[in-house]
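# Residue-level structure breakdown
Residues per chain are reported as follows:
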Amino acid sequence: MSKDDVVQLLQKVLVGQAGENDWAIFLSSSFRHCPELEPFRDACAAIDEKEYLGHTRSGFLFSESGLAQIREILKQLEQMDC
């Protein structure tokens, strides 16, 4: 996964369009080509442990608190060069 892939995934998560499988692939991905992405994945994994709801009727995988945290991570990621 590239930085652009991660940005697109987080954007989909925030609008309720990401699937559980998409999220699982992201969490298990390796970022050898861009190690700067590892802290973002680690932060998302921590959010996953506390705020993950799984597939819901609304389509959102996370609680409101989790979505707010992911929104902040996305802002930081968009500013990063990789």
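Throughout this document, residue positions are counted from 1 along each chain, in the order its sequence is written. Given that the model is predicted, a residue must reach a pLDDT of at least 70 before its local features are reported, and side-chain atom pairs must reach 80 or more before they are shown or counted; all residues, however, enter totals for whole chains, interfaces and linings. Hydrogens and waters are ignored; side-chain quantities use all the structure's heavy atoms.

### Considerations on helix 1 (residues 3–14)
Put simply, DSSP marks the helices as runs of H or I at least four residues long and the strands as runs of E at least two long, and each gets a number from the N terminus on. One less than the residue count of a helix, multiplied by 1.5 Å, gives the span that helix is expected to have. For helix 1, which comprises twelve residues, the first-to-last C-alpha distance of 17 Å matches the rise-based estimate of 16 Å (1.5 Å per residue) to within 8%. Inspection of helix 1 places K3, V6, V7, L9, L10, V13 and L14 among the buried residues, and these make up the whole buried set. Down the axis of helix 1, the buried set is contained in an arc of 165 degrees. They therefore lie on one face. The inward-facing, buried residues of helix 1 abut helix 2 (20–27), helix 3 (38–51) and helix 4 (64–79). Just past helix 1, the residue G16 takes up positive phi, approximately 75 degrees. Burial here depends on accessible area, computed with a 1.4 Å probe over protein chains only, as a share of the maximum for the residue type. Under 20% is buried, over 50% is exposed, and the range in between is partly exposed. Comment: arc refers to directions from the helix axis out to C-beta atoms. Any two residues having at least one pair of non-hydrogen atoms within 4.5 Å are treated as being in contact.

### Focus on the pattern of salt bridges
Any Lys or Arg side-chain nitrogen located within 4 Å of an Asp or Glu carboxyl oxygen qualifies as a salt bridge. Following the criterion strictly, the structure yields three salt bridges and no others. Between E72 and K75 there is a salt bridge, with the nearest N and O atoms lying 3.4 Å from each other. Of the two residues, E72 and K75 are both situated in helix 4; the distance of three residues between them amounts to about one turn of the helix. With a relative accessible area of 45%, K75 lands in the partly exposed category. Among the charged side chains, a network of salt bridges with common partners joins E38, R41 and D42.

### Structural notes on the side chain of E51
Looking at the element boundaries, E51 is found in helix 3. K50 provides the closest opposite charge to the buried, salt-bridge-free E51, at an N-O distance of 7.1 Å. If we ignore the near neighbours within four places in the chain, the residues touching E51 are L61, F62, S63, S65, G66 and Q69. Positive: Lys, Arg. Negative: Asp, Glu. His and the chain ends are not part of the count.

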